[in-house]
Amino acid sequence: MEILLQLVYSGVALGMIYAVIAFGYQLTFQTSDTLNFGQGDALMLGAMVGLTLVNLGVNYWLMIPLVIVFGLLQGGLVERIGVRPAIKIKSEFGWIMSTIALGIIFKNVAENVWGRDDLKFPSPLPESPLKIFGANVLPMEILVVVGAVLMMLAVEFFNRKTIYGKAVVATFNDRDAAKLMGINTGLVITFSYALSSATAAFAGVLIAPLTMTGATMGAVLGLKAFAVAIIGGLTSGMGIIVGGIILGVAETATGFYISTGYKDVPGLVLLLLVLAFKPAGLFGKNAIKKV
C-alpha cells in the first residue's frame, strides 16, 4: 500500500507538470484555433535561463518571475514570426510547420549556448523526503503541485475577472464578433501565445530540480503534454488537470509494476482510445458549426 501511495504521489507531481504545459496548448487553441508545437522547447528555455540566473547568484524565488517574463517575450516572438503570417494568408498547416521549425531553432541555439550535456539544477528546498501517510514525498514534488495549481488558478482568474481576460474569452467565443466590438484580436492572440510560453517556462523551472536540465529535456515533455491536452479536451481546463494526473499516475505505475521501458506506452494507448471513441477529449465538448 505504501508503494502504491508513493507511485500516486510521484504520478500526481509529474501529471501536474504535463497539465501546466498542456494548459498552454489550450490557451492558443481557444483564441486562434492553432497550437504551439514548440511548447516543450519553451519549457526547456525556461529551465536553461533559470539555471543560468541561479548560477549567477539570483535567488530561486526571484528567478521565477524573471523566467516568466522571458517566457512571455519568447511566446510573443513565436506568434509574430511563425503564427501571424500563416493566419493572415489563412494557411491550414503553415502555423504547424512554423512552430515546429522555431522549436528546432530554439533547441539548436540552446545546444550552442549551454552545450549538449545535461546539467544539474540546484534544488531550492531540502532534498530529504517527507513522510506523508507512510510514503515518501520530496518537498520539491509538493512545490510542483502547488505551483502548477496556483499558475492555472491565476490564469483562470485573469480570464474571468479582468477586462483583458474577458477580451480573451470573447475572442475564443467568436473572433469576428469580438473584432466588430473593438477588441484587437491580433493582440489577444499574441498575448495567448506569450502566456502559453510563460506557463511552459514556469513549468520548466519547477521540474528542473527534479530532473536533469538540458537542450533535449522539452521534446518528450511537450509531446506528452499534447497527449494530455487531447485526452482531457482542449476546451476544458478541468479535463487537462484530470488528464495530466491520469497519465502521470499511469506512467509511474507502469514503470514500477511492468518495466521502465514501457512507461511511455500508457499515454499513447490513452491517446488512441480517446481519439477513437471521444475525439473531443474526456471533458471536451464537440463544436457545432453552422454552414
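**Considerations on the packing of aromatic side chains**
Step number 1: As enumerated under the stated definition, the model contains six aromatic pairs in all.
Step number 2: Taken together, the ring pairs in this structure connect Y25, F37, W95 and F226 into an aromatic cluster.

**Here we look at helix α3 (residues 60-88)**
Step number 1: Over its 29 residues, α3 runs 40 Å from end to end, which matches the ideal 42 Å to within 8%, given 1.5 Å per residue.
Step number 2: At R80, α3 is deflected by roughly 35°, the largest bend along its length.
Step number 3: Its side-chain oxygen at 2.8 Å from the backbone nitrogen of W61, N59 defines the N-terminal cap of α3.
Step number 4: Two residues or fewer past α3, K90 is found with a positive phi of approximately 55°.

**Here's the deal with a nonpolar patch on the surface**
Step number 1: A surface patch of nonpolar side chains, amounting to about 1,100 Å² of accessible area, comprises I3, L4, F256, Y257, I258, Y262, V265, V269, L273 and F277.
Step number 2: Put simply, the parts of the chain that give the nonpolar patch at least two residues each are α1 (2-32), α10 (237-257) and α11 (265-277).
Step number 3: With four residues, α11 is the single largest residue contributor to the nonpolar patch.
Step number 4: Along the chain, the position of V265 falls in helix α11.

**Some remarks on the nonpolar core**
Step number 1: Among the nonpolar cores identified, the biggest contains 63 residues, and Y60 and M63 are the most heavily contacted of them.
Step number 2: For this core, the secondary structure elements donating two or more residues are α1, α2 (39-55), α3, α4 (94-114), α5 (139-161), α8 (185-207), α9 (217-232) and α10.

**Considerations on the side chain of E141**
Step number 1: Secondary-structure assignment places E141 in helix α5.
Step number 2: Buried charged residue E141 carries no salt bridge. Nearest counter-charge: K120, at 12 Å.

**Observations regarding the packing of α9 against α10**
Two numbers describe a pair of packed helices, the interaxial angle and the distance between the axes.
Step number 1: At a minimum axis separation of 8 Å, α9 and α10 run at an interaxial angle of 125°. In this view, α9 runs oblique relative to α10, as classed from their interaxial angle. Between α9 and α10 the crossing geometry is right-handed. On α10, the residues that touch K224, V228, A229 and G232 of α9 are G239, I240, G243, G244, L247 and E251.

**Description of the confidence of the model for the chain**
Step number 1: Across the chain, the average pLDDT comes to 86, with 97% of residues at 70 or higher.
Step number 2: Of all helices and strands in the chain, the one with the weakest mean pLDDT is helix α6 (residues 163-173) (79), whereas α2 scores best (94).

**Here we look at the pattern of salt bridges**
Step number 1: This structure, assessed with the given rule, holds six salt bridges.
Step number 2: Here K107 ties to E111 by a salt bridge, and the two come within 2.9 Å at their closest N and O atoms. Linking K107 with E111, this pair stays in helix α4, spanning four residues, or about one helical turn.
Step number 3: One network of salt bridges, in which partners are shared, links K224, E251, K263 and D264.

Each value, and the rule that gives it
- Each residue is numbered by its place in its chain's sequence as written, counting from 1.
- The predicted nature of this model means local features are confined to residues of pLDDT at least 70 and side-chain atom pairs, given and counted, to a pLDDT of 80 or more, with totals for whole chains, interfaces and linings taken over all residues.
- For side-chain calculations, the full set of non-hydrogen atoms in the structure is used, while hydrogens and water are omitted.
- Stacked, tilted and edge-to-face are the three classes assigned to paired rings of Phe, Tyr and Trp, where Trp is represented by its six-membered ring and a pair needs centres within 6.5 Å; plane angles under 30 degrees give stacked, over 60 edge-to-face, the rest tilted.
- For the purposes of this entry, the term helix denotes a DSSP run of H or I that reaches at least four residues, the term strand denotes a run of E that reaches at least two, and both are numbered from the N terminus.
- Expected span of a helix: the number of residues minus one, times 1.5 Å.
- Throughout, bend refers to the angle between the axes fitted to the seven residues that end at a position and the seven residues that start at it.
- Any N or O atom pair separated by 3.5 Å or less is treated as a polar contact, with the protein-specific requirement of one donor-capable and one acceptor-capable atom, and with residues adjacent in sequence counted only for side-chain atom pairs.
- Within this analysis, patches are made of residues with over 30% relative accessible area and no salt bridge. Like charges are joined at 9 Å or less; nonpolar side chains (Val, Leu, Ile, Met, Phe, Trp, Tyr) at 5 Å or less.
- Note on areas: Shrake-Rupley, 1.4 Å probe, and residue coverage restricted to the protein chains presented here.
- Whenever Lys or Arg places a side-chain nitrogen within 4 Å of a carboxyl oxygen from Asp or Glu, that contact is recorded as a salt bridge.
- Grouping buried Ala, Val, Leu, Ile, Met, Phe, Trp, Tyr and Cys residues that are joined through side-chain atoms within 4.5 Å yields what is termed a nonpolar core.
- Working definition: with a 1.4 Å probe on protein chains only, accessible area under 20% of the residue-type maximum means buried, over 50% means exposed, and in between means partly exposed.
- Only four residue types enter the charge count: Lys and Arg as positive, Asp and Glu as negative, with His and the chain ends excluded.
- All axes are obtained by fitting lines to C-alpha atoms, using only the stretch in contact for helices, and the reported angles, taken between N-to-C directions, cover 0 to 180 degrees.
- Any angle that is under 35 degrees is reported as roughly parallel, and any over 145 degrees as roughly antiparallel; angles of 65 to 115 degrees are reported as roughly perpendicular and all others as oblique.
- For a crossing to be left-handed, the near helix must be turned anticlockwise from the far one by less than a right angle; the clockwise case is right-handed.
- In what follows, a contact means two residues having at least one pair of non-hydrogen atoms within 4.5 Å.
- One number per residue, pLDDT, summarises how confident the predictor is, and it ranges from 0 to 100.

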